[in-house]
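Results of the structural survey
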Number of protein chains: 2
Amino acid sequence: MVDEPSGTGADRLRATYVLTCAAGDDPETKARDIALEQTVELPEPCVPRDVAARVVGAVERVEPAGDGRWRAVIAYDAAALVDDVPQLLNLLFGNISLKTGILLAAIGWPASLLARLPGPQLGVDGLRELCGAHERRPLLCAAVKPVGLSVERLAERCRQLALGGIDLVKDDHGLTDQPSAPFRERVERCVAAVARANAETGGRSVYLPNVTAGALHERVEVARAAGCGAVLVSPLLVGCDAVRRLATASGLGVLAHPALAGAFFHPDHGIAPEVLLGDIYRAIGSDGVIYPNVGGRFPFGEGTCLAINASLRRPLGRLKPAFPVPGGGIHAADVPRWVERYGNDTIFLIGRSLYDQPDLVAAARGLADAVRRRS
Amino acid sequence: MVDEPSGTGADRLRATYVLTCAAGDDPETKARDIALEQTVELPEPCVPRDVAARVVGAVERVEPAGDGRWRAVIAYDAAALVDDVPQLLNLLFGNISLKTGILLAAIGWPASLLARLPGPQLGVDGLRELCGAHERRPLLCAAVKPVGLSVERLAERCRQLALGGIDLVKDDHGLTDQPSAPFRERVERCVAAVARANAETGGRSVYLPNVTAGALHERVEVARAAGCGAVLVSPLLVGCDAVRRLATASGLGVLAHPALAGAFFHPDHGIAPEVLLGDIYRAIGSDGVIYPNVGGRFPFGEGTCLAINASLRRPLGRLKPAFPVPGGGIHAADVPRWVERYGNDTIFLIGRSLYDQPDLVAAARGLADAVRRRS
C-alpha cells in the first residue's frame, strides 16, 4: 500500500492512482484527464467555471513511482460527488476502468464519508464472541463442498468439521439453490448438524450459508430464521451495496468471498487487492474477507497478503477492524507458520487439505489442536 | 468473437476460454483446472465419483488459437449449477478471475438457460416505439452534464437537446442524488423540460434519469411516477441481478452504462467486451448498451465494437435484440460515416462534441438533420 497524503480538506476523498504511461504520454496530463473523466466527463473548456471549482477532481501531486510509473493523488469533493456506495465505486474507478494503465492504489478516506459507511458490524471481537473464541488465537474456517452433494451429505460434512473443532463451517461459495441441495433445506439441516456436534464437544462452531443470490434478502431471512449467526456473500456478484444493506439490516456476521474480484487485480490497471478486498469490502460491512493466500493455487504475493491484512485491521475512523481470511490452498500443516506471520486476529480457511485426508473429523481436529496449542 | 461449438447436451452452458499459458504450462491441464475450480473446487481425487460425473465441467476441446494461446471449450451442466444471475457470473468467471491468462471469449447458451433470462423487454423495436422513430434510422442519444450543475441548468440542457431532435436525453451516469441536483427534483424538472420541447417540435424525445444507486428501486419508482419511459443504469455498480429485476418489474426501457466494466477487458485475462457488454448485459435485460467507440477517448478497437454490435443484435433464443450504443468521444461530424459502418439499428451517443459548440440546440439539430437526411 502506498502512503496516503495527510488530509487537509475535511470532505476530500483522496485517491492515489499509479499511472503507467505509454511512450510520449505525459503523467500530469493523464492525471488531469482522470480528474475530469471521473467527475464532469467533459474537457476543461466545456465546464462552467463555477462547476469546475467545486466539482472537478484536484490533482494534488504527481511524482515518479519507479519502473517508469507515476503516482498521482487526486482529491474529490466527497460531499458534492458521493451519495452512496455505487457512486463511490463509480467515482473511484467507473469510467477510467475502460482506459489503460491506471491502478487505484490507495484511498484516503475523509471522516465525513467514513461516517456514512457501516464498516463491520461485528468486527473481530464480535466474530470471536459469536464462536466463543475469546482467547487470542486464530480462528479456523472450512468450506463444505462440493456442489452436487445432497443436503444429507453436506450436513454430515458440516457435522464432521464442527466435531473436529472448526470455528466457522461455511458453504462453498458455489452452493446456492441448486436442485441437488436446495437452499432452505440445506440451511436447516446444516445448522442442526453443527448444533449436534456442538452439543457433543461443548464447542461453539458456527455454520455460514452462502446467501449470494438475486434473492439475497429472502435467503438472509431463511438463514436468520434457521438460527445462523453469520453468512457468506460474494460482494461483486450481488453488488457492494447489497452487502452494505445485509450488514446493517440483518444483524448477522458477514464473511465476504472474492469471486469475480480478480478481474480488478492486474498490476498496472485496476484496483489494488488491499483497496478492493481491504478498504472497500471492510467499509461496506464485511466482518471477514477471504482472499487467496500466497503459495496456494492463486498468484497473490506475500506483500499483497500483508497489505490486505493491514487494510482490514488498521484504525479507520469509527470502523471496526475485520478479519483477514487467507485461503485458496493453504495446507493444514502450514497453518502454525502462517499464524506466526499474520498474527492471531486471522481466520485460516482450509479446504482441500482436509478433504484429501481419509478421516475428516481427525483431519480437522489435528488442525484445531495445533492452532490452540500454539496460542 | 470466437466460434461457438454447436450444442449437443440441451442443458450445457458452453464457455469458450482463451488460455495464455506460462512457459511449461500445459493447456489441457489448465483447462481441466478451470473445469474443477469453477464447479467442485477440489482436486479430482477428492470428488465423489457420482458428483464428478454430473457436476464437474467437461473439457470438450482444447486447440491452438495462435500467438501461443489456446482455445478451450468447457461445458457446464446449467441445470445442476446455475440457479440465478449471480451464480451464472460465478460459474463463468468467479474464482478463475483470481488466476491469470484466462479470457472468457464466448458463451454458448443452452435454450433452458435462455428461457430463464429476461433479455430486453423493449428491445430495438420497443425503444423505437418509445421515441416514435419507426422509420429505419439510427437513434441519437446525448448526456445531460456535468455533475455540479443545478437542476434548473440541467433541465434547460435537456430542453435544448430535445429541441435539437436528440431522441434519448440521458443523465450523465455520475449524476445521482448529489446536493447540487437532488434526484427527485431533477427527474421531475427534466421530464417537464423535455415535454415542453416535444410540444414545440412535435417530437417524441425521451429523458432517461440515472437510477444507479443503492436505492435503485425507489429511484425507479420516482422515475416512473414522473412519466419516464426509460432509465439509465450501470449494471456492475448495482449488480447485474438488480438490472434483471429492474427490466422485468418496471416496464421501463433500460439503457446500460459500462462503468467499472473495463476492469474485465484485459486482452489475456477477463471477459471479452462482446461477452460482458454483449451477451450478458443483453441477457439481463438491457435494451441498449453503451460502449466506448473506436477512435474516441477509450482504447477499443473496431473489431471489438463490431463484435459487441453483433452480440447485441444476433438471434439468441427468444431474447429480443438490443441496441448497440457507441459513445465515449464520437464526434458529431463522424456520425454519418458510423451509420454506414454499424447500420441503422444503432444509437449514437454524442456528448462533448455538442457541448463544445456555442449553441447546443443548433449543434444537436445539425446532427439530427444529418442522420435523418441520410436514412
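Quick note: structure is the one above.
None of the values given here were measured: they were computed from a predicted structure. (Residues numbered from 1 in each chain as written. Chains lettered and ligands numbered in written order. Predicted model: local features only at pLDDT ≥ 70, side-chain atom pairs only at ≥ 80, totals over all residues. Heavy atoms only, no water.)

**Some thoughts on the overall build of chain A**
Selection rule: A run of DSSP states H or I qualifies as a helix once it reaches four residues; a run of E qualifies as a strand once it reaches two. Both are numbered from the N-terminal end. Based on C-alpha atoms, the radius of gyration is set beside the globule rule, defined as 2.2 Å times the residue count to the power 0.38. Think of it in three bands: with a 1.4 Å probe and only protein chains considered, a residue is buried below 20% of the maximum accessible area for its type, exposed above 50%, and partly exposed in between. Note on contacts: a residue pair qualifies if any of its non-hydrogen atoms lie within 4.5 Å across the two residues. We get accessible surface area from the Shrake-Rupley algorithm with a probe of 1.4 Å; when it comes to residues, only the shown protein chains can shield them. Positive: Lys, Arg. Negative: Asp, Glu. His and the chain ends are not part of the count. A single reference atom marks each charge: NZ on Lys, CZ on Arg, CG on Asp, CD on Glu.
When helices and strands are tallied, chain A shows 16 helices and 14 strands. What you see for chain A is a C-alpha radius of gyration of 22 Å, in line with the 21 Å of a compact globule of 375 residues. The principal-axis extent of the C-alpha atoms belonging to chain A is close to 70 × 40 × 35 Å. Scored against the burial criterion, the 375 residues of chain A give a buried share of 63%. Of all intrachain contacts in chain A linking residues separated by at least 6 positions in sequence, the fraction that spans at least 24 positions is 70%. By element, 50% of the accessible surface of chain A is carried by carbon and sulfur atoms, the whole surface being about 12,300 Å². On chain A, the mean spot of the 41 positive side-chain charges and the mean spot of the 43 negative ones are 5 Å from each other.

**Things to note about the side chain of His-257 of chain B**
Filter applied, for reference: What qualifies as a polar contact is a pair of N or O atoms within 3.5 Å, subject to a donor-acceptor requirement within protein and to the restriction that residues adjacent in sequence count only when both atoms come from side chains.
For His-257 of chain B, the position within the fold is in the loop between strand S9 (253-256) and strand S10 (265-266). Separated by 3.2 Å, the side chains of His-257 of chain B and His-173 of chain B make a polar contact.

**Overview of the packing of helix H9 (residues 216-225) of chain B against helix H11 (residues 240-250) of chain B**
Residues and elements named next belong to chain B. Rules: The axes are straight lines fitted to the C-alpha atoms, using for helices just the contacting stretch, and the angles between their N-to-C directions are given from 0 to 180°. Oblique is the label for any angle not covered by the other classes, which are roughly parallel (under 35 degrees), roughly antiparallel (over 145) and roughly perpendicular (65 to 115). For any pair of crossing helices, the crossing counts as left-handed if the nearer helix is rotated counterclockwise from the farther one by less than a right angle, and right-handed if it is rotated clockwise. Side-chain classes follow a simple rule in which Ala, Val, Leu, Ile, Met, Phe, Trp, Tyr, Cys and Pro form the nonpolar group, Asp, Glu, Lys and Arg form the charged group, and the remainder, Gly included, forms the polar group.
At their nearest, the axes of H9 and H11 sit 11 Å apart, and the two run at 30° to each other. It follows that H9 is roughly parallel to H11 by the angle criterion. Handedness of the H9/H11 crossing: right-handed. Contact with H9, carried on its side by Leu-216, Val-220 and Arg-224, involves Ala-242, Leu-246, Ala-249 and Ser-250 of H11 and no other residues of that element. Among the residues forming the contact of H9 with H11, the class breakdown is five nonpolar, one polar and one charged.

**Here we look at the relation of the copies chain A and chain B**
Selection rule: Least squares is the method for superposing the copies, and the C-alpha atoms it fits come from residues with pLDDT of at least 70 in both.
Between chain A and chain B, the superposition needs a rotation of 180° and an axial shift of 0.0 Å, giving an RMSD of 0.0 Å. Between the two chains, the operation in question is that of a two-fold axis. Rotation axis and chain A: the residue whose C-alpha lies nearest the axis is Gly-239 of chain A, separated from it by 2.1 Å. Both copies share a contact surface, since 100% of the interface residues of chain A are interface residues in chain B too.

**Quick word on the sheet that holds S10 of chain B**
Residue and element names in this part refer to chain B. Test applied: Two strands are said to pair when DSSP picks up at least two bridges between them.
A sheet is described by the order of its strands in space; here six strands give the open sequence S2-S3-S1-S4-S11-S10, paired in mixed fashion. Either end of the sheet is taken by a strand with one partner, and the two such strands are strand S2 (58-66) and S10. As paired elements, S2 and strand S3 (residues 69-77) share seven bridges and run antiparallel to each other. Bridging from a neighbouring strand, Ala-58 pairs with Ala-75 of S3. Against the sheet, helix H4 (residues 85-93) engages strand S1 (12-20), S3, strand S4 (102-108) and strand S11 (269-271), with an angle of about 40° to S1.

**So, the pairing of S3 of chain B**
All names here are of chain B. Sheet analysis places S1 next to S3, joined by nine bridges and oriented antiparallel. What sits directly across from Arg-14, in S3, is Ala-75. Between S2 and S3, which pair antiparallel one after the other, the connecting turn spans two residues, and Asp-67 there sits at a positive phi close to 55°.

**Topic: unusual backbone geometry**
Lys-145 of chain A connects to Pro-146 of chain A through a cis peptide bond whose omega is 0°. Within the secondary structure, Pro-146 of chain A sits in the loop between strand S5 (139-144) and helix H7 (151-163). A positive phi angle is found at Leu-260 of chain A, which is not glycine, with a value near 75°. Within the secondary structure layout, Leu-260 of chain A lies in the loop between strand S9 (253-256) and strand S10 (265-266). For Leu-260 of chain A, a relative accessible area of 3% corresponds to the buried category. At Asp-67 of chain B, a position not held by glycine, the phi torsion is positive, near 55°. Relative to the elements of secondary structure, Asp-67 of chain B occurs in the loop between S2 and S3. On the basis of relative accessibility, which here comes to 80%, the residue Asp-67 of chain B falls in the exposed class.

**Regarding H7 of chain A**
All names here are of chain A. Applied cut-off: Working rule for helices: expected span equals 1.5 Å times residues minus one.
For H7, with 13 residues, the first-to-last C-alpha span of 18 Å sits near the 18 Å given by 1.5 Å per residue. What H7 keeps buried is the set Val-151, Leu-154, Ala-155, Arg-157, Cys-158, Leu-161, Ala-162 and Leu-163. One or two steps after H7, the chain reaches Gly-165, where phi turns positive at roughly 95°.

**A short note on the side chain of Gln-38 of chain B**
All names here are of chain B. Structurally, Gln-38 can be placed in the loop between helix H1 (27-37) and helix H2 (49-55). Classification of Gln-38 by relative accessible area gives buried; the value is 7%. A distance of 3.5 Å separates a polar atom in the side chain of Gln-38 from the backbone nitrogen of Asn-95.

**As for the environment of Gly-253 of chain A**
Residue and element names in this part refer to chain A. For Gly-253, the position within the fold is in strand S9. On the accessibility criterion, Gly-253 (0% relative accessible area) is buried. Note: C-alpha distance between Gly-253 and Leu-127 (126 residues apart in sequence) is 7.0 Å. Residues within four places of Gly-253 in sequence aside, it is in contact with Leu-122, Gly-229, Ala-230, Val-231 and Asp-287.

**Thoughts on the interface of chain A and chain B**
As a reminder of what qualifies: The quantity reported as buried area is the accessible area (1.4 Å probe) lost by two parts once they are put together, taken as the sum for both. Put simply, a salt bridge is a Lys or Arg side-chain nitrogen that is within 4 Å of an Asp or Glu carboxyl oxygen.
Opposite the 71 residues of chain A that make contact, chain B presents 72 residues. Summed over both sides, the interface between chain A and chain B buries roughly 5,800 Å², with carbon and sulfur atoms accounting for 59% of that surface. For the chain A face of the interface with chain B, the top three residues by lost area are Glu-41, Leu-98 and Leu-260 of chain A, together amounting to 12%. Counting the contacts that link chain A with chain B gives four salt bridges. In this structure, Arg-219 of chain B engages Asp-83 of chain A in a salt bridge whose closest nitrogen and oxygen atoms are separated by 3.4 Å. Counting across the interface, chain A meets chain B through 33 residue pairs in polar contact (both at pLDDT 80 or more). Elements supplying a minimum of two residues to the side of chain A that touches chain B: helix H2 (49-55), helix H3 (78-81), helix H4 (85-93), H7, helix H10 (235-238), helix H11 (240-250), S10 and helix H15 (352-355) of chain A. Broken down by element, the residue count for the side of chain A that touches chain B peaks at five residues, all from H4 of chain A.

**Some details on the pairing of strand S12 (residues 288-292) of chain B**
Residue and element names in this part refer to chain B. What counts, and what does not: Whether a crossover is right-handed comes down to one check: with the strands pointing away from the viewer, does the path from the first strand over the helix to the second run clockwise; if it does, it is right-handed.
Across the five residues that make up S12, a large majority, five, are buried. By the alternation rule, side chains of S12 split into Gly-288, Ile-290 and Pro-292 and Val-289 and Tyr-291, which are all buried. Where S9 and S12 come together, two bridges link them in parallel fashion. Its bridge partner lying in S12, Ala-256 is registered against Val-289. Once you follow S12 into helix H13 (residues 302-313) and on to strand S13 (residues 323-327), the crossover reads as right-handed.

**What to know about the nonpolar core**
Definition in use: Only buried residues count toward a nonpolar core, which is a set of Ala, Val, Leu, Ile, Met, Phe, Trp, Tyr and Cys residues joined through side-chain atoms within 4.5 Å.
Counting 245 residues, the largest nonpolar core has Leu-13, Phe-264 and Tyr-281 of chain A together with Phe-264 and Tyr-281 of chain B as its most contacted members. Among residues more than four places away in sequence, those in contact with Phe-264 of chain A are Phe-93, Leu-236, His-269, Gly-270, Ile-271 and Leu-276 of chain A together with Leu-260, Ala-263 and Phe-264 of chain B.

**Focus on the pattern of salt bridges**
Residues and elements named next belong to chain A. A complete count under the given rule lists 42 salt bridges over all chains for this structure. Arg-245 is paired through a salt bridge with Asp-241; the nearest N and O atoms lie 2.8 Å apart. Residue Arg-245 and its partner Asp-241 are both found in helix H11; the two are separated by four residues, about one turn of the helix. A relative accessible area of 4% means that Asp-241 is categorised as buried.

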